[in-house]
Amino acid sequence: MDILPYRVAWYIVGPLMGLTVVALFAIANKPLGATTAYAETLSAVVKHKARETWRVWMFLGMVIGAFAVGVLRGGPSLTLDYGLLGTLLPVALIIPLLFGAGVVMGFGARWSGGCTSGHGIRGMSALSPASIAATMTFMAVAVALTFALHLVTGGEL
Amino acid sequence: MNRVSLLAGVVFGFLVAAARLNDYDVIHDMLLLREPDVFLMMGSAIGTAAPILWYLRTHHWKTMEGEIDLRRQPVSRRNVAGAAIFGAGWAVAGTCPVPALAMSAGGSVLGVFVMGGLFSGIALRDALDTRSLRPLLRRTPPGATAKA
């Protein structure tokens, strides 16, 4: 099934993401963001209560939306692929590496008060000084570290 | 309200997967500055939303839940320190919270491990006594608990 192109262009996805942020603010007065959605979902599963249930619904929605793309692309199907990183590292190494990177991201995003969605898109759109500072920081660190890894691995990664 | 946030989540998750942000190589090429697409996508999202939100805020737009509040926060040290840590994890994993979720929803087994890490990292941060981080947080304005 080729209902969706291989990769929908940035000039379609970007403005629609912006409008999603606007709609959630304009209708429900809520800030879109993934980190707190993770936190509230975790709380809902572990403690059987969430302070903000709307965030749990948003988390569920994101899963459904991404799953729908998989269906439109003829899947989803289980895979152990992980792009270039997956071709360079064996599964036994990549699992702890990715889990660890996830811990680092979760810790940092929670402390920072947001991630690429909450600070990078929602907070930047609101022109929130905290989000502008956070986004500039994580962009700079991520680009610098990616270049460092590229150099250390002799250009393989 | 839950229906609105569910729908916003569906659209956002759909867009992230449709743009292949849940593909390690797409994010890796972005962070190696090999292609501008993801930066342009974020820029066009902000370029679309910022003027509309600015208009709504200056016109005191009424939502289902009172007058619109864009949750603008002053910069505190934790915003920057946390973001630096987040950026390091992002560079290694080549994915972040929504794309990791979209990976997993698309059948990626390794995406589930990233999500497991994210949940653990968030829980770890929440479990730490805030007082143990107070020396680093000294400049945080009282009551600044930005949610995103």
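How each quantity is defined
Residue positions are given per chain, counted from 1 along the sequence in the order it is written. For this description, chains carry letters from A and ligands carry numbers from 1, given in the order in which they are written. Totals for whole chains, interfaces and linings use all residues, but because this is a predicted model, local features are given only for residues with pLDDT of at least 70 and pairs of side-chain atoms are given and counted only at 80 or more. Here a strand is any run of E in DSSP of at least two residues, a helix any run of H or I of at least four, and the numbering for each starts at the N terminus. Contacts are defined on C-beta atoms placed from the backbone: any two residues whose C-beta positions lie within 7 Å are in contact. Counting other C-beta atoms within 10 Å of each residue's C-beta, where C-beta atoms are placed from the backbone, gives the exposure class: buried for 20 or more, exposed for 12 or fewer, partly exposed between. Domain extents, as shown, originate in an automatic or database domain assignment. Polar here means any residue other than Ala, Val, Leu, Ile, Met, Phe, Trp, Tyr, Cys and Pro, which are nonpolar, and Asp, Glu, Lys and Arg, which are charged; Gly is therefore polar. For a helix, the expected span equals 1.5 Å multiplied by the residue count minus one. Nonpolar cores are identified as sets of buried Ala, Val, Leu, Ile, Met, Phe, Trp, Tyr and Cys residues joined via C-beta atoms within 7 Å. Only the contacting stretch of a helix is used when fitting its axis, a line to C-alpha atoms as for every element, and angles between N-to-C directions run 0 to 180 degrees. Note on angle classes: values under 35 degrees are labelled roughly parallel, values over 145 roughly antiparallel, values of 65 to 115 roughly perpendicular, and the remainder oblique.

Asks: I would appreciate a short explanation of the overall build of chain A in the present structure.
Replies: Check the secondary structure of chain A and you find seven helices and zero strands. When the helices and strands of chain A are read in sequence order from the N terminus, they spell out α-α-α-α-α-α-α. Principal-axis analysis of the C-alpha atoms gives chain A an extent of 50 × 40 × 40 Å. Taking as baseline every contact in chain A between residues at least 6 positions apart, the subset at least 24 positions apart corresponds to 43%.

Asks: Could you clarify how one ought to interpret the overall build of chain B in this entry?
Replies: Across its full length, chain B carries seven helices and two strands. Put simply, chain B runs from its N terminus to its C terminus through helices and strands in the order α-α-α-β-β-α-α-α-α. In chain B, buried positions account for 51% of the 148 residues. Long-range pairs, those at least 24 residues apart, make up 57% of the contacts in chain B between residues at least 6 apart in sequence.

Asks: Help me out: how do you make sense of the domain arrangement of chain A in this one?
Replies: Many analyses report the size of an interface as the accessible area lost when the parts associate. All names here are of chain A. When cut into domains, chain A gives domain 1 (1–78) and domain 2 (82–157). Each of domain 1 and domain 2 has a C-alpha centre, and these two points are 19 Å apart. The interface is formed by 10 residues belonging to domain 1 together with nine residues belonging to domain 2. Breaking the side of domain 1 that touches domain 2 down by element, the ones donating at least two residues are α1 (10–28) and α2 (35–46). Class assignment for the residues of the side of domain 1 that touches domain 2 results in six nonpolar, four polar and no charged.

Asks: Can you help me understand the environment of Ile68 of chain B in this one?
Replies: Counting through the fold element by element, Ile68 of chain B comes out in the loop between β2 (66–67) and α4 (77–93). If sequence neighbours within four positions are ignored, Ile68 of chain B has contacts with Phe25, Ala26 and Asn29 of chain A together with Leu56, Arg57, Trp61 and Thr63 of chain B.

Asks: Is there a simple way to think about the interface of chain B and chain A in this case?
Replies: With 100 residues of chain B at the contact, the number on the chain A side is 106 residues. Going through the elements one at a time, α1 (2–18), α2 (24–31), α3 (37–58), α4, α5 (97–105) and α6 (109–127) of chain B are the ones with two or more residues in the side of chain B that touches chain A. Tallied by class, the residues present in the side of chain B that touches chain A amount to 63 nonpolar, 25 polar and 12 charged.

Asks: Where do I start with helix α5 (residues 91–112) of chain A in this structure?
Replies: Since there are 3.6 residues in each turn of an α-helix, residues three or four apart along the chain are aligned in direction. Across its 22 residues, α5 of chain A extends 31 Å between first and last C-alpha, which sits within 8% of the 32 Å expected from 1.5 Å per residue. Looking one or two places after α5 of chain A, you find Gly113 of chain A, whose phi comes out positive at around 90 degrees.

Asks: Any chance you could explain the nonpolar core here in plain terms?
Replies: The nonpolar side chains of soluble globular proteins are, as a tendency, buried together. Ranked by internal contacts, the top residues of the largest apolar core, which has 89 residues, are Ala66 and Met105 of chain A together with Leu15, Val16 and Val114 of chain B. Element by element, the count of residues in this core is highest for α1 of chain B, at 11 residues. For this core, the two domains that each supply at least three residues are domain 1 (1–78) and domain 2 (82–157) of chain A. Once residues lying within four places of it in the same chain are set aside, the contact partners of Val16 of chain B are Ala66 of chain A together with Leu21, Asn22, Val98, Pro99 and Ala102 of chain B.

Asks: Explain α5 of chain B here, please?
Replies: All names here are of chain B. Here α5 lies mainly inside the structure; nine of its nine residues are buried. Taken together, the buried positions of α5 are occupied by Pro97, Val98, Pro99, Ala100, Leu101, Ala102, Met103, Ser104 and Ala105. Following α5 by one or two positions, Gly107 has its phi on the positive side, about 105 degrees.

Asks: How should the packing of helix α6 (residues 118–125) of chain A against α3 of chain B be read in this particular structure?
Replies: Direction vectors running N to C along α6 of chain A and α3 of chain B enclose 30 degrees, while the axes themselves pass 7 Å from each other. Looking at the two axes, α6 of chain A sits roughly parallel to α3 of chain B. Residue-level inspection shows Gly120, Ile121, Met124 and Ser125 of chain A of α6 of chain A in contact with α3 of chain B, the latter providing Met42, Ala45, Ile46, Ala49, Ala50 and Leu53 of chain B.

Asks: Help me understand unusual backbone geometry in this model?
Replies: Most of the time, phi is negative for any residue but glycine, and the peptide bond is trans. That bond from Gly75 of chain A to Pro76 of chain A is cis: its omega, -10 degrees, falls within 30 degrees of zero. Structurally, Pro76 of chain A can be placed in the loop between α3 (53–72) and α4 (83–88). Positive phi outside glycine occurs at His60 of chain B, with the angle close to 50 degrees. Counting through the fold element by element, His60 of chain B comes out in the loop between α3 and β1 (62–63).

Asks: Sorry if this is basic, but what is going on with the environment of Ser43 of chain A here?
Replies: Residue and element names in this part refer to chain A. Within the secondary structure layout, Ser43 lies in helix α2. Distance from Ser43 to Trp54, taken between C-alpha atoms, is 13 Å for residues 11 residues apart in sequence. Sequence-distant contacts of Ser43, defined by excluding residues within four places in its chain, comprise Lys49 and Ala50.

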